[in-house]
Amino acid sequence: MIEEGSRRGKTVAERRQIFMDMRAQNFDEIRLSAYRTACKLRFVQRRCNLHLVDVWNMIEAFRDNGLNTLEHHTEISVSRLETILSSIYYQLNKRLPTTHQINPEQSISLLLNFMVAAGDCDGQGRLTVLSVKSILATMCGGKIVDKLRYIFSQISDTHGAMTVAKFDSLLLEVLKLPTAVFEGPSFGYHDHHARACFPQQKKIMLNLFLDTLLADPPPQCLVWLPLMHRLANVENVFHPVPCSYCGADSMMGFRYCCQQCHNYQLCQDCFWRGHANRSHSNQHQMKEHSSWKSPVKKFGQAISKSLGCVPSREPAHPIFPEQPERTLDLANLVPPRPPINMNDATVFPSGAPTPTKSRMQPGLAAAQRMNEEHALIAAYVNRLQSSPRALDSPSRLDEEHKLIARYAARLAAESGNPERPAGDFNFDTNRQQRQLIAELENKNREILQEIQRLRVEHEQASHPTPEKAQQNPTLLAELRLLRQRKDELEQRMSALQESRRELMVQLEGLMKLLKAQAAGSPQTSPSHGVGRPIPMPVRSAGSTPTHQPQDSLTGVGGDVQEAFAQGARRNLRNDLLVAADSITNTMSSLVKELHSDDGAEEEEERLQNGKDRGRATGQRQMVSL
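Residues numbered from 1 in each chain as written. Predicted model: local features only at pLDDT ≥ 70, side-chain atom pairs only at ≥ 80, totals over all residues. Heavy atoms only, no water.

Right, let's get into the overall build of the chain. Along the backbone of the chain there are 23 helices and 7 strands. For the chain, the proportion of its 625 residues judged to be buried stands at 32%. When contacts within the chain are restricted to residue pairs at least 6 apart in sequence, long-range pairs at least 24 apart make up 67% of them. In the structure as shown, the chain presents an accessible area of about 40000 Å², 54% of it carried by carbon and sulfur atoms. (Helix = DSSP H or I, 4+ residues; strand = E, 2+ residues; numbered from the N terminus. Buried < 20%, exposed > 50% of the residue type's maximum accessible area, 1.4 Å probe, protein only. Contact = heavy atoms within 4.5 Å. Areas by Shrake-Rupley, 256 points an atom, 1.4 Å probe, with all protein chains shown as cover.)

Following this line, the structure appears as C-alpha cells:
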C-alpha cells in the first residue's frame, strides 16, 4: 500500500510538472486570449520537443504503429500510447546529430501526461485513435498547410468531400488542447462551431477547407492555430529598433507599430500585456510586423506597387486537385501485417503467458526460419568478403530478391497465424523491445559498413590510381627524357621557322628589285646609258661576277630571265644562289636533327653528298652564265 501510494503520488507530480513550468512563464498576464493560448501551446510543444518532429514523420509513425488501419472511435490504452510515443522520439534521435540529442524518456513522460490530461476526460486511461491523431498532428512541427491536408484526409469521404459529422468530432478533439491549458472559456467546444466554420448546403472540398482555415481572420474557435505557427516562425526575427515603452534597444519576435502615434513601436511582451505610455492608448489601432524592412526597401516596394498595373499577390496555399489520389495496391508484393492489439492482451495471474504445446510448435518453426534466414545472410556476406568482384555479378540481385521474398513469406505466415502469445505490455517490456531493436539496428549497420568496405576495395582494385603508376622509376625517367627531347625539338623547329621566314623576306625583296630593274631597262637608250651610273645592289661576300654570255634559266619566269640577261647585273644571281645554298643547309640540318636517333651518320653523309652536288651544279650554271 505504501509503494502504491508513493507511485501514485509520483505519477500525479509528473502530470503536474509541465503545467507548473507553464505557469512559471506568466502567460496569464497576456490580455489577448488568442495570443495567450498560442503562447501556452507553443511552450508545451517546445517543452515536449514536438517542434523537432515534422508532420510527415508523424504520419509515418502512425502507419508504423498501425493507427491508419483502425477506426477513429477505437480506444487504445495508455501503454500502447507510450509505445507509439517511444517510437516517435527514438526515431527522432536517429535523425538528429549527436550534438543535438534529446532525452527521450523525459519527453515521452511529459507528452504522455499532457495527452492523458487533455484527451482522457473521463479518467479511464484510454484515448481514441482520432484523439491521438488530432493532438499529435496539431502539436508537431511542420507547415500548417501540410497539417490541414492530413486532417482533411481523416474527415473526408472517398470522393474527396468533407463529412460534417467527422469534422465535428475532429473539432471536439482539437479544442481539447486549449481546454488543457486552462483556456476552455475562450476556446471551448460548442455544438454550433462546426456549422459556423463553413457555409451551409455547400460541398466542402480541400481547397475550400484550406481557404477557410487559412483566411484572415480564421474561424473564431481556431484562431489560435495559425497564430501558433506564426509565433514559431518569428521567434528568431530581429528588429533593430527600440521599444517605446520598455526602452529595449532591439526586439525579437513580433513588432507592433501604432497607426495613430508617430514612430511609436512596441515589442511583443509590452503589447501583449497592455503597456502604454505618453499619448498612446490601448484603444489605438496597431499593425503587427513579422519582419524588419529598412526605410529604403519600404520606399522601393511602395514605388514598385504604385507603378505595377496588376497587384501581384500570391495565394495563401497552392491549388490542389479536387479528386483524391488513388493509393497504390501493394497487396501482391507484401501482404499487410495486422497490428498487435495491446488492449486485448491476456495476462495470467502469474504475470506471464502460459506456454502450451500448440504454441511452442509455431515458435520453433519461426525460430528455424529465422535461423535459415540468418544463415543465408551470413553466407552472402562471407561470399562478398572472399570475392569482391561478386558485387558486379548479375546473380547478386537475384540473391537479394530471394532474401526479400523469403522475408515477405515469413511476414505473411506470421500474419496468417491468429494465435499469438499474450504478454504483459508494461514499461519493462517496452524497454526490452527497444533494446532488441537497437541491437538489431547495430547489426544491420555493421553489415552495411562491411558491404560498403568491400565495394570500396573492389573499386580500388579495378581502377588503379595514378599514385600506383608513379611508383616505377624507369617509366618516370623515360617519360622525363621524352618530354625534354620534345621541348628541344620544339625550340629547334621554332628557330628554323624563324630563319626560313627571314630568308623568304630576303628573296621577296630581291625579286622585287629584279622586277623593278627589268621594267626600267627598256626605257633607257644606249646613248643615255653611257655616262649614267647603274645602281648596284649590295652583294654577299665571296660572290664574283662572271663574263660568260650564255645563261640557262630553265623553269624561271620571264621577268627573272630578263633581269639576268644584263651582264652588269649578274651579281644578283650570285646572291640568289647563296640564299638557295643557305636554305639547303638549313633544311639539311633540320632533317639531320629529326633523324639523329636512327642512322645519324649515314644520313649526314647522304646529305653532305647532296649538298656537294648542289654546289657543283650551281657552279656549272655560274660558269655557263
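Further remarks concern the packing of aromatic side chains. Under the criterion given, the structure shown has 11 aromatic pairs. With centroids separated by 6.1 Å and ring planes inclined at 35 degrees, the aromatic side chains of Phe62 and Tyr150 adopt a geometry described as tilted. In this pair, Phe62 is assigned in helix H3 (residues 55-64) and Tyr150 in helix H7 (residues 144-155), connecting sequence segments 88 residues apart. Neither residue differs from the other here; Phe62 and Tyr150 are each classed as buried. Counting every residue linked through ring pairs, the aromatic cluster contains Phe152, Phe167, Phe198 and Phe209. Sitting above the plane of the Phe182 ring, Arg23 keeps its charged end 4.9 Å from the centroid. (Phe/Tyr/Trp six-rings, centres within 6.5 Å; stacked < 30°, edge-to-face > 60°. Lys NZ or Arg CZ within 6 Å of the ring centre and 35° of its normal.)

Once that is clear, we can look at unusual backbone geometry. Between Asp216 and Pro217 the backbone carries a cis peptide bond, its omega angle lying at 5 degrees. In this structure, Asn26 is a non-glycine residue whose phi angle is positive, near 60 degrees. Among the secondary structure elements, Asn26 is positioned in the loop between helix H1 (2-23) and helix H2 (33-47).

It is worth spelling out the pattern of salt bridges at this point. If you walk through the whole model with that rule in mind, you get 17 salt bridges. In this structure, Glu173 and Lys176 form a salt bridge, with 3.1 Å as the shortest nitrogen-oxygen distance. The class of Lys176 is buried, set by a relative accessible area of 16%. For Arg230, the salt bridge goes to Glu288, with nearest N and O atoms at 2.0 Å. A residue pair is termed long-range when its members are at least 10 positions apart, and Arg230 in helix H13 (residues 224-233) and Glu288 in strand S7 (residues 286-289) qualify at 58 residues. Three or more residues joined by partner-sharing salt bridges are found here, namely Asp28, Arg36, Lys40 and Glu183. (Salt bridge = Lys/Arg side-chain N within 4 Å of Asp/Glu carboxyl O.)

Strand order in this open sheet of 3 strands is S6-S5-S7, and the pairing throughout is antiparallel. Two strands close off the open sheet at either side, each with one partner strand: strand S6 (265-267) and S7. Strand-to-strand twist across the sheet, computed as the mean angle between neighbouring axes with direction ignored, equals 25 degrees. (Pairing = 2+ DSSP bridges. Axes fitted to C-alpha atoms, helices over the stretch in contact; angles between N-to-C directions.)

Turning our eyes to something else, we now look at the pairing of strand S5 (residues 255-258). Residues Arg255 and Cys257 of S5 are buried on one face, and the alternating residues Tyr256 and Cys258, pointing to the opposite face, are buried as well. Of the strand pairs in this sheet, S5 and S6 are connected by 3 bridges, and their pairing is antiparallel. Bridging from a neighbouring strand, Tyr256 pairs with Leu266 of S6. Pairing of S5 with S7, which is carried by 4 bridges, proceeds in the antiparallel orientation. Paired with Cys257 across the strands is Lys287, a residue of S7.

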